[in-house]
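# Per-entry structural report
So you can see what is in the structure, the chains are spelled out below.
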Amino acid sequence: MGDKRNVLWIMCDQLRFDYLSCYGHPHLQTPNIDKLAERGVRFNRAYVQSPICGPSRMSFYTGRYVRSHGSTWNGIPLRVGEPTLGDHLHEIGVRTVLVGKTHMRADTEGMARLGIAAESFIGARVAECGFEVFERDDGLHPDGPYGANPAYDSYLKAEGYDGPNQWENWANSAEGEDGEVLSGWLLGHADKPARVNAEHAETPYMIKRFKDFVEVAGDQPWCVHLSLIKPHWPYIVPAPYHDMYGADDVIPAIRSQAERENPHPVFGAFMGERVSKAFSNDKTRAKVIPAYMGLIKQIDDEIGKLMEYLEEKGLLENTMVVFTSDHGDYLGDHWMGEKELFHEPSVKIPLIVVDPRAEADCTRGTVNEDLVEAIDLAPTFVEFCGGTPKSNVLEGRSLLPLLESLEPVEWREFAISEYDYSMRNARMELGLPVADCRLAMITDKHWKFIHAEGMRPMLFDLQQDPTELQDLGANPNYAAERERMSEALFAWYRKHHTRITITDKQIAANAGKELQAGILIGYTDEEEVEETKHQQGLS
């Protein structure tokens, strides 16, 4: 491979793990993503550390749990000084580059307090979660706090799309019979084609921008976060992808009437959200899900072209390619829309890792069933690029041992995810203080347990009830399992998570050296001091 190793880290937004053919979707064929799985390892039990964009991504970017980095919801900044993947890779000479979405905000108050200018080299990195920004496009709200991407708007304008806000009015709108603009935000328009041509849509545009980076990258190794906006809402897709799928291709929702009878209070509150009611309507699902599938199909087509480009450039032989998502999408399962809670469609993600090293040849085309977390990618990238992951900072585990062996590897017993719903309508409906709106999930390969502050827990038997239709959180017959999982979660909470400035090895090396430093606490006389020095080999 040579000394230069690159990482291409492709992240989709709101892509369900089971909406790829290699993960078992019966109608949506994704041959190009499937080829990645054939060349690498497909992880079947990968979980995000929060089922919503912002905190999930901050865990990806720091290699740390939400309780550790503190960015608990969208728009809550990652605090100044929190080490990021960019910091770890910069130390070993690897550029960490953003092309696409991050869904983060800078800690401007913290930067001002420390006198860090946003236009400085350090300030620019701190403000962007450690990334060197080649192009950032959050593509969320046309006029909101994140905004659309002026560069993408300019690109569309240069391609002949006139008027203001091309992102909103062309890429994410349809056109009525009389030429009127129909907003793609409205679910009833999801079956109509977007006004933009397919080659000018957000997915091919962002991949084009990655290629632009490659052309000017130079010789320094890089880790590029190619962060695609889709298939996140607005659920609207250009022709010909808008009608590739229809109502007959929509998988029936995984839900039961029993879920609506005396549900857990938090679950009940989220089922009452407008978006959940919309996706509980089969007519809405019949329009939206085919568009969602079309967005994924376009991603797959563009991934195929991207891999051809990398092969032409001779980059596949030294570039680790990772394909994943920041969380899933309920799409009507469990009477829910959006994401946010901890059922598998929301908290479990696709994760495919293609490691070009010869050491990984033995696992190519395999499926791994170990419990993998989003925070594992940061230490994986550091180790792949030749560094040593800092175990006192990075809470994830490098995946390289799993990529290098078909034999069982000692691994984690539990996976963790957290969610702060204090900014949601659920808090107001339940009448809770902000401080109590915390959920924490812990899962092994059999049970999933959700702690809800001030309420009963939720419990699911993933072996007997893999679709999670029966909440056993109040069933007296499962008290022992609830106690076991609760204690496992509490044990995780008790671990160190804030001591990041010194390693366990450094602590162990310095323990018991008071006498060597001339600190004579507890000694009676000179004779006792000399005797102790002799025992410790200091005299």
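Thresholds applied
Residues numbered from 1 in each chain as written. Predicted model: local features only at pLDDT ≥ 70, side-chain atom pairs only at ≥ 80, totals over all residues. Heavy atoms only, no water. Buried < 20%, exposed > 50% of the residue type's maximum accessible area, 1.4 Å probe, protein only. Helix = DSSP H or I, 4+ residues; strand = E, 2+ residues; numbered from the N terminus. Pairing = 2+ DSSP bridges. Core = buried A, V, L, I, M, F, W, Y, C linked by side-chain atoms within 4.5 Å. Contact = heavy atoms within 4.5 Å. Patch = residues over 30% accessible without salt bridge, like charges linked within 9 Å, V, L, I, M, F, W, Y side chains within 5 Å. Areas by Shrake-Rupley, 256 points an atom, 1.4 Å probe, with all protein chains shown as cover. Salt bridge = Lys/Arg side-chain N within 4 Å of Asp/Glu carboxyl O. Lys, Arg positive; Asp, Glu negative; His and termini not counted. Charge placed at Lys NZ, Arg CZ, Asp CG, Glu CD. Axes fitted to C-alpha atoms, helices over the stretch in contact; angles between N-to-C directions. Parallel < 35°, antiparallel > 145°, perpendicular 65-115°, else oblique. Nonpolar A, V, L, I, M, F, W, Y, C, P; charged D, E, K, R; others polar.

### Some details on the pairing of strand S1 (residues 6-13)
Most of S1 is tucked away, with eight of its eight residues classed as buried. Of the two faces of S1, the one carrying Asn6, Leu8, Ile10 and Cys12 and the one carrying Val7, Trp9, Met11 and Asp13 are both buried. By the bridge criterion, six bridges tie S1 to strand S7 (residues 222-231) in an arrangement that is parallel. Residue pairing for S7: Met11 is matched across the bridge by Ser227.

### Overview of the nonpolar core
Counting residues in hydrophobic clusters, the biggest one holds 68 residues, and the most contacted among them are Ile10, Phe210, Leu226, Leu306, Met307 and Phe323. With 13 residues, the top contributor of residues to this core is helix H12 (residues 282-312). In contact with Met307, not counting residues within four places along its chain, are Leu8, Ile10, Leu36, Arg39, Leu316 and Val321. Formed by 66 residues, the second largest nonpolar core is a distinct cluster that contains Tyr61, Tyr330, Val353 and Leu371.

### Here we look at the side chain of Glu202
Along the chain, the position of Glu202 falls in helix H9 (residues 202-216). On the basis of relative accessibility, which here comes to 6%, the residue Glu202 falls in the buried class.

### Focus: a negative patch on the surface
Negative charge collects at one region of the surface, where Asp525, Glu526, Glu527, Glu528 and Glu531 lie side by side. Along the chain, Asp525 falls in the loop between helix H18 (504-510) and helix H19 (526-535).

### Focus on unusual backbone geometry
Of the consecutive residues Lys230 and Pro231, the connecting peptide bond is found in the cis state with omega at 10 degrees. Along the chain, the position of Pro231 falls in strand S7. A positive phi angle, close to 60 degrees, is found at Trp335, a residue other than glycine. Structurally, the position occupied by Trp335 is in the loop between strand S8 (319-325) and helix H13 (344-347).

### Brief notes about the packing of helix H1 (residues 31-39) against H12
In contact at an axis separation of 7 Å, H1 and H12 are set at 55 degrees when each is read in the N-to-C sense. Put simply, H1 runs oblique to H12. Contacts between H1 and H12 involve Pro31, Asn32, Ile33, Leu36 and Arg39 on the former and, on the latter, Lys297, Asp300, Asp301, Ile303, Gly304 and Met307. The residue inventory of the contact of H1 with H12, partitioned by class, reads five nonpolar, two polar and four charged.

### Concerning the sheet that holds strand S12 (residues 415-420)
Here we have four strands laid out as an open sheet, ordered S12-S13-S14-S15, and antiparallel in their pairing. Edge positions in the open sheet fall to S12 and strand S15 (458-461), since each of these has one partner strand only. Averaged over all pairs of adjacent strands, the angle between their axes in this sheet comes to 10 degrees, without regard to strand direction. As judged from the five bridges shared by strand S13 (residues 438-443) and strand S14 (residues 447-452), these two strands associate in the antiparallel manner. For Ala440, the partnering residue across the bridge sits in S14 and is His451. Sheet strands touched by helix H17 (residues 479-494): S12, S13, S14 and S15. Its angle to S14, the strand with the most contacts, is close to 65 degrees.

Interpretation note: all reported values are geometric properties and have no functional meaning in isolation.
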